[in-house]
Structure formats: C-alpha cells, structure tokens
Amino acid sequence: MKAVILVGGEATRLLPLTCNTPKVMVPVINIPFLEHVIHYLSQHQIKDIILAQRHLSQSIKSYFGNGSRFEVELTCTIEDIPLGTAGAVKNAEQYLDDTFLVLNGDIYTDLDIAAMIDFHLKRKAKATIALTPVDDPTSYGLIETNAQGRVTRFLEKPQWSEVTTNMINAGTYVLEPEALNRIPPQANFSFEHELFPLLLDQGEPVYAYTSSAYWIDIGTPEKYFQLHRDLFSGNSARHSCPIGDEVLVGEQSYIHPTVHIRGPAVIGSNCIIGHKVKLTGPVVIGSGGTIQEDSVIEESIIWRNAQLGQRVSLKNSIVADNCRLNDNTTIEDSILGDSVTVVSGCKLEPGSKIWSGTTVEVP
Ligand code: GTP
C-alpha cells in the first residue's frame, strides 16, 4: 500500500523554529521528525511513500533523497499554488491507483495502521478517518459516528453545550482512489472542511476508526516539547530513546569528568561538554554543540552546532541550529530560532521568542 505524507503547510504556529526549517525537518531527539514518521510507516510495511510538498525543499531532498537509505521509496510532488490537504493529495493522483493512506506530516502516533486498513476494507468504506480522544474538544472539529463506526455528522469547533463526543480527526486517513474524483484539480481543497462533508452529503460510506493509541501533533512549541517528554517517559510504545535517567552520548563527543548529568539526556555526536557543566533532563543537545564550564542546562532542547559560553543558564527552552549564547547569559521559557546570538551578560525576558539571525544585546 502507498502512503501520502502532507508536508506542505505554513507551520506558522511553530515559529520561530520553522523560520528556515520545514516543520517535518524539526529534530525530535536529534532525528528529523519526518524520519520518525517514515520509520513508523516502514515498520508497518508501507515502503512506497509520496511526500506532498508545497515547494521543493532542498533540506528534505538532500537528507532523504529517494528514500533508499531508509529502505523506502520516496516520490515528491510539488504545488504551483497552495492546494490544501485534499488538493495536495489530488496533485499526487497519478501515483494512486489502489487503496492508500494519507498522513498529516506533523503527527506522531502509535496508531495500528494495519488494523485501521482492515477496518476500512471490511466496511467497504470510501474514506476512513482515524479518531483520537482529546480533553477539550471545543477547539477542534468533532466527528460523530453510529454504533458501526459510520460517520453521521461533522461538527466544527462546537460550544461545550453541543459537545457529544471527545473524538477528533487524528489526521490519518485510508482512502479509495475514487474519493479523489470529488476533488477539483489544481484548486485549494481540504479534507476536513470540504471533501469529507461532501462525501457524507452524497451518502458515500465514510467511516471513523477510533483508537486511544499514543497521538500528538507537533503544531506548537509546547506540543513539540511534550512529544520529547512523552518519548523520554516511555508514553509512546516506540521506545527509540533513553527512558528515565538514561544518558545517551553520540560518537566523538567529549564529556569532562566533572560534568553532572541527570537524565534523561541525549547528547549528539562531536559535542564538547566542559568543566562542571550541569545537565538536568530531559535535555537534548544536537551534534556539534559546545557547552563551556559552569553552564547549567535544565529541561531544554538544543539543536545542532550550538555554542554556549561559560556560566550560561538555560532552562525550559528550545534553541534551534547554529545559535551562540555567550558567557553569563540567562535564558528561561524561551524559543530561539536558528543562528541567534545572545551577547554576554544578557538575560532574556521569560517567554521570549527570538527570530532567526537576531543578535540579542543587553538593553
Ligand atoms: P500551521 O500554519 O501552524 O497551522 O501549520 P500547517 O499549515 O503546517 O498545519 P495544518 O494543521 O494546517 O495542516 C495539516 C497538515 O497538512 C500539515 O502536515 C501540513 O504540512 C499539511 N498541509 C496543509 N496545507 C497544505 C498544502 O497546501 N499543501 C501541502 N502539500 N500540505 C499541506
């Protein structure tokens, strides 16, 4: 079976992390998010994957190539205009001649794909939508079903008084190619607001597959952070990282014997962690990072090639690629885009979001 991964959104809610990094290339435990998704599909024997991109992304192309390094076959489609979720899949129609899977490119899940496909085929559905429970359904589109799982109603962002279910669209679909006939070519069209309600109106069999398997979308920095916490605490069944107090150190990295680490922590390759540095997990440090003496890092995610000076204090923050935090800087509850420089002695206002390429000076 083929899968289409939607990777062409604006990713505005993840800014400033996505100033120069496509959402799917954002690292999760030092691995691009998309690699986690491809690995997940591959584990389910789905090896023929179409990446529906809006623009050609050089970083995606050079990292993934034709997919052979990941034992899958990757095809890319590109859009002249933003086509929306369903329009982007229509754009890949030439590759889709049998039942296929669609995934939003910002979702990490343990959903049992084989069981969902089986459910879809047994019911002879035209479309099957994965559902996942949420605590507060009022900011989502809700999907009501009958006892057999057939969709009876779509309800957009309901008031609490209208809430009849806490099940929301989990951004994973099984579709028959005929469903694509309802999508106009080269036009912006969405699954959620257009195609699925249309199929329902026309009496087509649209089903919902309910699962309480681990599910999160990395749409916001908070959720991105939450995914790390969940992986480190083993909440996802896909244990691909240290759990609990474990510490993982990449090749060619040097950790000074006086460093104090409380896991979970992942330190990438070619890092230097200096004299008396203190790391309190969960901490992730990307490859090529240097942390100089007496710096303290707590619950933070640092991407590649970070240069941290002496006595830097970094807490509950995300630092994108190629940032330089000079001596005696204090950063808390903040998000730094790539290539940010924070000059010596600077204390960022908690909650800061710093645009990529910025130099932050002492006021
Ligand atoms: P925000 O701007 O932060 O909402 O992010 P987004 O646009 O990336 O996310 P949204 O939840 O709106 O989209 C769901 C999925 O569909 C994401 O994986 C997007 O990358 C993808 N997507 C949304 N619009 C398009 C589009 O026009 N073309 C393609 N190829 N993918 C899209």
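Above this text you will find the structure in question.
Residues numbered from 1 in each chain as written. Predicted model: local features only at pLDDT ≥ 70, side-chain atom pairs only at ≥ 80, totals over all residues. Heavy atoms only, no water.

A. Expanded view of the pattern of salt bridges. Under the definition given, this model contains 10 salt bridges. Lysine 23 serves as the salt-bridge partner of aspartate 106, at 2.7 Å between the closest nitrogen and oxygen. Taken together, the positions of aspartate 106 in the loop between strand E6 (100-104) and strand E7 (107-109) and lysine 23 in the loop between strand E1 (2-6) and strand E2 (27-28) put the pair 83 residues apart, joining distant regions of the chain. For the pair shown, aspartate 106 and lysine 23 are each scored as buried. Measuring nitrogen to oxygen at the nearest pair gives 3.7 Å for the salt bridge that ties glutamate 204 to lysine 126. You can see glutamate 204 sitting in the loop between helix H5 (191-201) and strand E12 (206-210) and its partner lysine 126 sitting in the loop between helix H4 (113-122) and strand E8 (127-133), a full 78 residues away along the chain. By the burial criterion, glutamate 204 is buried, and lysine 126 matches it. Each member of the salt-bridge network shares a partner with another, and the members are Lys126, Arg182 and Glu204. (Salt bridge = Lys/Arg side-chain N within 4 Å of Asp/Glu carboxyl O. Helix = DSSP H or I, 4+ residues; strand = E, 2+ residues; numbered from the N terminus. Buried < 20%, exposed > 50% of the residue type's maximum accessible area, 1.4 Å probe, protein only.)

B. Molecular detail of helix H1 (residues 33-43). Counting buried positions over the 11 residues of H1 gives nine, a clear majority of the element. Of the residues making up H1, those classed as buried are Phe33, Leu34, Glu35, His36, Val37, Ile38, Tyr40, Leu41 and Ser42. Where H1 terminates, the next one or two residues include glutamine 45, which has phi positive at roughly 65°.

C. Structural context of the pairing of strand E21 (residues 296-302). In terms of strand pairing, strand E19 (residues 278-285) meets E21 through six bridges, oriented parallel. Considered in E21, the bridge of threonine 280 is made with glutamate 298. Pairing analysis gives three bridges linking E21 to strand E23 (residues 313-315), with the strands arranged parallel. If you follow glutamate 298 over to E23, its bridge partner there is lysine 315. In terms of strand pairing, E21 meets strand E24 (residues 318-319) through two bridges, oriented parallel. Bridging from a neighbouring strand, isoleucine 301 pairs with isoleucine 318 of E24. (Pairing = 2+ DSSP bridges.)

D. Spatial organisation of the nonpolar core. Core analysis: the biggest nonpolar cluster contains 60 residues, and Ile5, Leu34, Ile38, Leu41, Tyr224 and Leu227 have the highest contact counts within it. Take this core: its biggest share by element is six residues, from H1. Looking at which domains feed residues into this core, each of domain 1 (2-233) and domain 2 (247-360) supplies at least three. Excluding residues within four positions of it along the chain, isoleucine 38 makes contact with Ile5, Ile49, Phe64, Phe70, Val72 and Leu74. One finds Ala92, Ala127, Ile129 and Leu199 within the second-largest nonpolar core, a separate group that totals 29 residues. (Core = buried A, V, L, I, M, F, W, Y, C linked by side-chain atoms within 4.5 Å. Domains from an automatic or database assignment. Contact = heavy atoms within 4.5 Å.)

E. Layout of the sheet that holds strand E28 (residues 341-342). Taken together, seven strands build an open sheet; the order of strands is E15-E18-E20-E22-E25-E28-E30 and the sheet is parallel. Each edge of the open sheet is held by one strand with a lone partner, namely strand E15 (254-255) and strand E30 (359-360). In terms of strand pairing, E28 meets E30 through two bridges, oriented parallel. Residue pairing across strands places threonine 341 opposite threonine 359, the latter belonging to E30.

F. A look at the state of the cysteines. The tally for this structure, following the rule as stated, stands at zero disulfides. Unpaired in this structure, cysteine 271 has its nearest cysteine sulfur neighbour in cysteine 323, at a distance of 14 Å. In this model cysteine 346 remains outside any disulfide bridge; the closest cysteine sulfur is found in cysteine 323, 13 Å from its own. A relative accessible area of 3% means that cysteine 346 is categorised as buried. (Disulfide = S-S within 2.5 Å.)

G. Main features of the site of the ligand. Taken together, 21 residues sit near the ligand, with Gly9, Thr12, Ala52, Glu79 and Gly84 positioned nearest. In this structure, leucine 6 approaches the ligand through a main-chain N or O atom, which is 2.9 Å from an oxygen atom. For the ligand, an oxygen atom lies 2.7 Å from a polar atom in the backbone of glycine 84. The element that contributes the greatest number of residues to the shell around the ligand is helix H3 (residues 84-90), accounting for three residues. (Near = heavy atom within 4 Å. Polar contact = N/O pair within 3.5 Å; in protein donor to acceptor, adjacent residues only side chain to side chain.)

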